[in-house]
Amino acid sequence: IHSFSGNGILRDVVIADAVESVGTGCFANCSSLERVKIGSNVSEIGNDAFKDCPLLSDILIPNATERIGNGAFSGCKSLSDVIIEDRSEPLALGCNYSSPLFSDCPLDSVYIGGKITYGTSSREGYSPFYRNTSLRTVVITDKEDQIYNAEFYNAAQAGLHPSITLELTNRAEYDGETIEEFEG
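How each quantity is defined
- Residues numbered from 1 in each chain as written.
- Predicted model: local features only at pLDDT ≥ 70, side-chain atom pairs only at ≥ 80, totals over all residues.
- Heavy atoms only, no water.
- Pairing = 2+ DSSP bridges.
- Helix = DSSP H or I, 4+ residues; strand = E, 2+ residues; numbered from the N terminus.
- Salt bridge = Lys/Arg side-chain N within 4 Å of Asp/Glu carboxyl O.
- Buried < 20%, exposed > 50% of the residue type's maximum accessible area, 1.4 Å probe, protein only.
- Phe/Tyr/Trp six-rings, centres within 6.5 Å; stacked < 30°, edge-to-face > 60°.
- pLDDT = per-residue confidence, 0-100.
- Contact = heavy atoms within 4.5 Å.
- Core = buried A, V, L, I, M, F, W, Y, C linked by side-chain atoms within 4.5 Å.

1. So, the sheet that holds strand β4 (residues 44–45)
Overall, parallel pairing links the five strands, which are arranged β2-β4-β6-β8-β10 in an open sheet. At either end of the open sheet lies a strand with only one pairing partner, and these are β2 (21–22) and β10 (116–117). One ladder, built from two bridges, connects strand β6 (residues 67–68) with strand β8 (residues 91–93); its direction is parallel. The residue bridging R67 from the neighbouring strand is A92, located in β8.

2. Some points on the pattern of salt bridges
Throughout the structure, instances matching the rule amount to five salt bridges. A salt bridge links D12 to R35, with the shortest nitrogen-to-oxygen separation between them at 2.5 Å. One end of the pair, D12, is in strand β1 (residues 12–14); the other, R35, is in strand β3 (residues 35–37), and 23 residues separate them in sequence. R35 gets classed as partly exposed once you look at its relative accessible area, which sits at 44%. E34 is the partner of R35 in a salt bridge, and the nearest nitrogen-oxygen pair spans 3.0 Å. Each of R11, D12, E34 and R35 takes part in salt bridges that share partners, so that together they form one network.

3. Describing the packing of aromatic side chains
Counting across every chain of the model gives five aromatic pairs. Between F27 and F50, the ring centres sit 5.4 Å apart and the planes meet at 5 degrees, which makes this aromatic pair stacked. With F27 in the loop between β2 and β3 and F50 in the loop between β4 and β5 (58–61), the pair connects residues that are 23 residues apart, well separated along the chain. With respect to burial, F27 and F50 carry one shared label: buried. For the ring pair F102 and F129, a centre distance of 5.5 Å and an interplane angle of 10 degrees mean the geometry is stacked. Of the two residues, F102 sits in the loop between β8 and β9 (109–112) while F129 sits in the loop between β10 and β11 (137–140), which places them 27 residues apart along the sequence. Owing to a relative accessible area of 0%, F129 belongs among the buried residues under this scheme.

4. Description of the confidence of the model for the protein
Across the protein, pLDDT averages 81, with 72% of residues at or above 70. Contacts of residues 157–163 to residues separated by more than four positions or lying in other chains number 14 contacts, the stretch itself having pLDDT below 50. Counted against residues more than four places away or in other chains, residues 170–184, with its pLDDT under 50, gives 30 contacts.

5. Things to note about the pairing of strand β7 (residues 81–84)
Of the two faces of β7, the one holding V82 and I84 is buried and the one holding D81 and I83 is not buried anywhere. The pairing of β7 with β9 spans four bridges and is parallel. Bridge pairing links I83 to Y111 in β9.

6. Side note on the nonpolar core
Within the largest apolar cluster, 39 residues are counted, with the highest numbers of intra-cluster contacts made by F27, I45, F50 and F73. Every element with two or more residues in this core is listed here: β5, β7, β8, β9 and β11. For F27, the contacting residues outside a window of four places in its chain are F4, L10, V13, I15, V22, L33, A49, F50 and C53.

Okay, here's the thing in structure tokens:
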């Protein structure tokens, strides 16, 4: 836990394929961390694992990852691209009581290659992409068959980019309605 937390020298991290989890706060507050390659067998990214890494610009979540903990990427002020690899099993995304999973991240594009799940009750917090005001492009593959109510709530409405390009590779269901294309 917190193995490299606060390290101001690390710039690049390669997490080996033999590693199965990235622990709580493991790389939190690494002020020089720019690039992370997560090993193909990492099944869990712990709470606050990469929190407040201001230079981290993109992240690829391998298809073996089953869970991303609360606040894992919050405060990554350069994080613009998130790719969730194509997958057949769902990915559980953490939430925060006071802010979303990608809070204070200037996300520009998100690729969702499979089913994601998360809680959004008053006890659990916000959807992971809530209030990402810079978000421009969202690609959701046909492995995800449902877009949850409020999944991208207040993403475009609150900020700089008044429209989001949403590409559905097949069709999906939104709040009980089947949709085949979307203009936002």
